[in-house]
Amino acid sequence: MELAVYNIKGEDTGKKVTLNDAVFAVAEPSEHLVYLDVKQHLANMRQGTHKSKERSEIAGSTKKLGRQKGGGGARHGDINSPLLRGGGRVFGPRPRNYSFKLNKKMKALARRSALTFKAQQNQIMVVENFTFDAPKTKDFVNITKNLKIEGQKILLVLPGQDKNVYLSTRNLQTASVVTASDINTYRILNNKMMVVCEGSVDVLNNLK
């Protein structure tokens, strides 16, 4: 599969890049594995922070409130008792780890399947490598206008870390940046258009 290479002015440079069929044209892409990989990614980001205090975690005196018998009421023990207002909770929620494991080969096929779906839907665009002299959101917005993808949710794939480009996109809710070596299934599918820098193509072509 070949794609044209554009410059940041939106002009066709006349150059072509070849996308590896083993990555961008999988014979049998798996929607189920894509689902599992996205599910794992979201589960790993989830934080089980719900927590209630048990009796031993309540700050309060452990002194017995009254005598054992003859008080005319229930024997509560100390003020931390679950029977009293402000006491500990019995069998309350505890922090939980929602993450689960997925086979490496399954994750690799899921990522290739996601790239295949993007290629089939013509949602991949290749641009020449670029950078900014200083962080400026307006410069990146102008690039999206030139490429006629303004307003779409964009994933910019860079060959390496570029602080100025990252800072130029940080204030845009419709744009995100990732290096080619760190790309994953969730990032691929969570955007409408993939804008791939020319230097990133070789890295993507060699994904396993």
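Heads up: the structure comes first, above all this text.
Residue numbers here run from 1 along each chain, matching the order of that chain's written sequence. Given that this is a predicted model, residues contribute local features only at a pLDDT of at least 70 and side-chain atom pairs are listed and counted only at 80 or more, while totals for whole chains, interfaces and linings are drawn from all residues. Heavy atoms throughout the structure, all of them, feed into the side-chain values; hydrogens and water do not.

A. Quick peek at the pattern of salt bridges. Each reported salt bridge corresponds to a side-chain nitrogen of Lys or Arg within 4 Å of a carboxyl oxygen of Asp or Glu. For the structure on display, the rule yields 6 salt bridges. The residue E54 makes a salt bridge to R94 at a minimum N-O spacing of 2.6 Å. On the criterion of sequence distance, the pair formed by E54 in the loop between α2 (31-45) and α3 (104-120) and R94 in the loop between α2 and α3 is long-range, its members being 40 residues apart. Remark: exposure states derive from per-residue accessible area (1.4 Å probe, protein chains only) relative to the maximum for the residue type, with buried under 20%, exposed over 50%, and partly exposed in between. A residue is classified by how much of its surface remains accessible, and E54, at 24% relative accessible area, is partly exposed. For R94, a relative accessible area of 54% corresponds to the exposed category. Bridged by salt links that share partners, the residues K15, E128 and E198 form one connected network. Labels follow the DSSP assignment, with helices taken as runs of H or I lasting at least four residues and strands as runs of E lasting at least two, numbered in each case from the N terminus.

B. Broad picture of the nonpolar core. If you look at the biggest cluster of nonpolar residues, it comprises 22 residues, and the most contacted ones within it are F24, V157, I183, M194 and L204. Those elements that place two or more of their residues in this core are β1 (2-6), α1 (21-24), α3, β3 (124-127), β4 (154-158), β6 (193-197) and α7 (201-205). Per-element tally for this core: the top contributor is α3, with 3 residues. Within this scheme, the nonpolar core is defined by two criteria: the residues are buried Ala, Val, Leu, Ile, Met, Phe, Trp, Tyr or Cys, and they are joined through side-chain atoms within 4.5 Å.

C. Summary view of the sheet that holds strand β5 (residues 175-179). Taking strand neighbours across the sheet as the criterion, the 6 strands line up as β2-β1-β3-β6-β4-β5 in an open arrangement whose pairing is mixed. Looking at strand neighbours, the two that pair on one side only are β2 (12-18) and β5, the edges of this open sheet. Averaged over neighbouring strand pairs, the angle between their axes works out to 30 degrees when direction is ignored. At least two bridges found by DSSP between two strands is the condition for calling them paired. Structural elements are reduced to axes, namely lines fitted to C-alpha atoms, with helices fitted over the stretch in contact, and the angle between N-to-C directions of any two is expressed from 0 to 180 degrees.

D. Looking closely at helix α4 (residues 137-146). Taken as a whole, α4 has its buried residues at F140, I143 and T144. All buried residues of α4 fall inside an arc of 100 degrees around its axis, so they share one side. On its buried side, α4 packs onto β4, α5 (163-169) and β5. K148 sits one or two residues past α4 and shows a positive phi near 60 degrees. To be clear, the arc concerns the directions from the helix axis to the C-beta atoms. The contact definition used throughout considers only heavy atoms, calling two residues in contact when any of these lie within 4.5 Å.

E. Region of the structure containing the packing of α2 against α3. In contact at an axis separation of 8 Å, α2 and α3 are set at 110 degrees when each is read in the N-to-C sense. Between α2 and α3, the angle falls in the class roughly perpendicular. Classified by chirality, the crossing of α3 by α2 is left-handed. Contacts between α2 and α3 involve E31, L33, V34, L36, D37 and Q40 on the former and, on the latter, M106, K107, L109, A110, S113, A114 and F117. Here the angle decides the label: under 35 degrees means roughly parallel, over 145 means roughly antiparallel, 65 to 115 means roughly perpendicular, and every other value means oblique. Two helices cross in a left-handed way if the nearer one is turned anticlockwise from the farther one by less than a right angle. They cross in a right-handed way if the turn is clockwise.

F. Structural detail: empty space enclosed by the protein. Residues are called lining when one of their atoms sits within 4 Å of a cavity or pocket point, these points coming from a 1 Å grid over the protein atoms alone, where a cavity is a set in which a 1.4 Å probe fits but cannot get out and a pocket is an open set with protein on both sides within 12 Å along at least five of seven lines. Grid points are joined across faces, edges and corners, and a volume is the space filled by probe spheres set on the points. Per the counting criterion, the structure on display carries 1 cavity of 30 Å³ or more. Taken as a whole, the largest cavity holds about 40 Å³ of empty space. F130, F140, I143, T144, L147, I149, I154, L156 and V195 together form the lining of the largest cavity. Per-element accounting of the lining of the largest cavity gives the leading share, 3 residues, to α4. Gly is placed with the polar residues, together with every amino acid not listed as nonpolar (Ala, Val, Leu, Ile, Met, Phe, Trp, Tyr, Cys and Pro) or charged (Asp, Glu, Lys and Arg). For the lining of the largest cavity, the class distribution of residues is 8 nonpolar, 1 polar and no charged.

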